[in-house]
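Residues per chain are reported as follows:
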Amino acid sequence: MDALAVSGGLIENEFSEGDPVRIVSGPFEGYEAIFDARLPGTDRVQVLLAFLGTHPQRLKLDTDAIRKAKKK
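Rules used throughout
- Residues numbered from 1 in each chain as written.
- Predicted model: local features only at pLDDT ≥ 70, side-chain atom pairs only at ≥ 80, totals over all residues.
- Heavy atoms only, no water.
- Pairing = 2+ DSSP bridges.
- Helix = DSSP H or I, 4+ residues; strand = E, 2+ residues; numbered from the N terminus.
- Axes fitted to C-alpha atoms, helices over the stretch in contact; angles between N-to-C directions.

Caption draft 1: A look at the sheet that holds strand β2 (residues 32-38). Reading across from one edge, β4-β3-β2-β1-β5 is the order of the five strands in this open sheet, with antiparallel pairing throughout. Both outer strands of the open sheet, β4 (57-62) and β5 (66-68), are each paired with one neighbouring strand and no more. Taken over all neighbouring pairs, the strand axes of this sheet differ in orientation by 45 degrees on average, direction set aside. Across three bridges, the pairing between strand β1 (residues 20-23) and β5 is antiparallel. Across the sheet, the residue bridging to Val 21 is Lys 68, located in β5.

Here it is in structure tokens:
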């Protein structure tokens, strides 16, 4: 439990649906997206990403590929 507390706690409570997030690794690094859901049984999440004027697309990423972004 001490190691968990030092590492910042459980990530599953870090994001709520609709939270703005920044993608920090992978091919979409630097983009901002909207947190959609945590995928069950995995360390993956689903975000909504809109780019080049398109409708938001669902994108599945590793949990450690996103960080909270400041709300605009």
